[in-house]
Amino acid sequence: MFTATRAGAAMAIASMLCVQLGLAASVGLFDQIGPEGAAWLRLSWAGVVLLVLIRPRPSAFTRSSLLACVALGLVIAGLTMLFMAAVARLPLGTASALEFLGPLGVAVVRGKGGSAKAWAALAAVGVLLLTEPWAGTPDLAGIGFALGAAACWAAYILLTQRVGDKVSGVRGLAVAMPVAALTATVIAGPSVFGRLTWQLLLLGLGLAVLLPVIPFMLEMLALRRLTTAAFGTLMCLEPAIAVVVGLLALGQVPGPAPVIGIAFVVAAGVGAERTGSRSEDVGANAADDRRDGAMTAQG
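Given the structure is predicted, the values throughout are model-derived calculations rather than measurements. (Residues numbered from 1 in each chain as written. Predicted model: local features only at pLDDT ≥ 70, side-chain atom pairs only at ≥ 80, totals over all residues. Heavy atoms only, no water.)

### Re helix α2 (residues 30–54)
So, step 1. Between its first and last C-alpha atoms α2 spans 30 Å; for 25 residues at 1.5 Å apiece the expected length is 36 Å, and the helix comes up short by more than 12%.
So, step 2. The largest bend in α2 is about 75°, located at E36.
So, step 3. Looking at the residues trailing α2, positive phi occurs at R55, about 50°. (Helix = DSSP H or I, 4+ residues; strand = E, 2+ residues; numbered from the N terminus. Expected span 1.5 Å × (residues − 1). Bend = angle between axes of the 7 residues up to and from the residue.)

### Description of unusual backbone geometry
So, step 1. Although it is not a glycine, R55 sits at a positive phi angle of roughly 50°.
So, step 2. Inspection of the secondary structure assignment puts R55 in the loop between α2 and α3 (63–87).

### Some points on empty space enclosed by the protein
So, step 1. With the rule as written, the count across this model stands at one cavity of 30 Å³ or more.
So, step 2. Lining the largest cavity are 15 residues, and of these V19, L79, E99, L211 and F216 sit closest to its centre.
So, step 3. Breaking the lining of the largest cavity down by element, the ones donating at least two residues are α1 (2–26), α3, α7 (140–166) and α9 (198–223).
So, step 4. Looking at the lining of the largest cavity, its residues break down into ten nonpolar, one polar and four charged. (1 Å grid on protein atoms, 1.4 Å probe; cavity = no way out; pocket = protein on both sides within 12 Å on 5 of 7 lines; lining within 4 Å. Points joined across faces, edges and corners; volume = space filled by probe spheres on them. Nonpolar A, V, L, I, M, F, W, Y, C, P; charged D, E, K, R; others polar.)

### A word on the layout of surface pockets
So, step 1. Of the pockets and cavities examined, the second largest pocket occupies roughly 160 Å³.
So, step 2. Lining the second largest pocket are L90, P91, T94, L130, T131, E132, A135, T137, P138, D139, I143 and P258.
So, step 3. Tallied by class, residues from the lining of the second largest pocket come to seven nonpolar, three polar and two charged.

### Digging into helix α8 (residues 171–192)
So, step 1. With 22 residues, α8 extends 29 Å between its outermost C-alpha atoms, agreeing within 8% with the 32 Å of an ideal straight helix rising 1.5 Å per residue.
So, step 2. By the largest-angle criterion, V186 marks the main kink of α8, which is about 55°, and a proline, P190, follows within four residues.

### A look at the pattern of salt bridges
Where charged atoms of side chains with opposite charge meet at close range, the side chains can pair.
So, step 1. Here the structure, examined in full by the defined rule, presents one salt bridge.
So, step 2. Here R195 and E36 are joined by a salt bridge, their closest N and O atoms 4.0 Å apart. Residue R195 is found in the loop between α8 and α9, and its partner E36 is found in helix α2; the two are separated by 159 residues along the sequence.
So, step 3. Exposure remark for E36: the relative accessible area of 29% places this residue in the partly exposed category. (Salt bridge = Lys/Arg side-chain N within 4 Å of Asp/Glu carboxyl O. Buried < 20%, exposed > 50% of the residue type's maximum accessible area, 1.4 Å probe, protein only.)

### Re the side chain of S96
So, step 1. Structurally, S96 is set in helix α4 (residues 92–99).
So, step 2. Look at S96 and you get buried, because its relative accessible area is 1%.
So, step 3. Residues within four places of S96 in sequence aside, it is in contact with Q20, F83, P239 and A242. (Contact = heavy atoms within 4.5 Å.)

### As for a nonpolar patch on the surface
So, step 1. Where nonpolar side chains cluster on the molecular surface, the patch consists of V244, L247, L248 and V253 and spans about 410 Å² of accessible area.
So, step 2. Secondary-structure assignment places L248 in helix α11 (residues 237–250).
So, step 3. Its relative accessible area of 70% is what places L248 among the exposed residues. (Patch = residues over 30% accessible without salt bridge, like charges linked within 9 Å, V, L, I, M, F, W, Y side chains within 5 Å. Areas by Shrake-Rupley, 256 points an atom, 1.4 Å probe, with all protein chains shown as cover.)

### Quick word on the confidence of the model for the chain
So, step 1. Looking at the chain as a whole, its pLDDT mean stands at 82, while 87% of the residues score no less than 70.
So, step 2. Per-element confidence in the chain ranges from a low mean pLDDT of 32 for helix α14 (residues 287–298) to a high of 95 for α3.
So, step 3. When the criterion is pLDDT under 50, residues 274–299 qualifies, and its contacts beyond four places in sequence or with other chains add up to 43 contacts. (pLDDT = per-residue confidence, 0-100.)

And the structure:
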């Protein structure tokens, strides 16, 4: 049990590092194809890569598991496109901290005891410090996009665990990602096609591997070994990682109030739930799927 928990935690942390590095690299595409184009390019390549590598068979899915995969794909599209729109308007650390309210909300709702409201209140104070409404006009569009991404992230956590329990290995993601790519194509594709070059396509392939293919595969495997509350708590590290990556890669120097706000959001995430492994019964039922997932990821 402890080994499974430690492995799940390592996968979650590695996923967060890939996400933030991929986001920082994606910012360079904004001037050429916009944030929606950068999101579409990554999702499209990710869908192709996973279909080629995993090649999911229809016989591996029941009707309910297939519907769950489709729902997960819609959520992945919303999460990716909304967050890229937020990053185009807000510093990476601020956008990541606001997005983190999604897993924090999962941890608070799933938490036990009367302290849940206190952690939610601490997170609310952190959000005020992050957005600094007293310091001029806040970017309401950027904040709205980040909060929309937060809602998608909460749904993503719940749906990923549901798909991971129903579908062997990472085959569920090989269905969900093409659905996300098709959704993004309908929304952003027509405005991006005319601006594509071979250089952008190749760059998009590299970014798709860094984000979202590797992170989403790691998160799906991590959620097989962790409770949703534990996973949400581990995600508290992401805003801090985003601040460091934003500083080193993008030159985004946060002010004192946003730094304190991020610390409050992180503290709320840590306090909302303690980390832990999933229950014995779920772990036993998914043991074979875990082995299949590990073999698929290695292949």
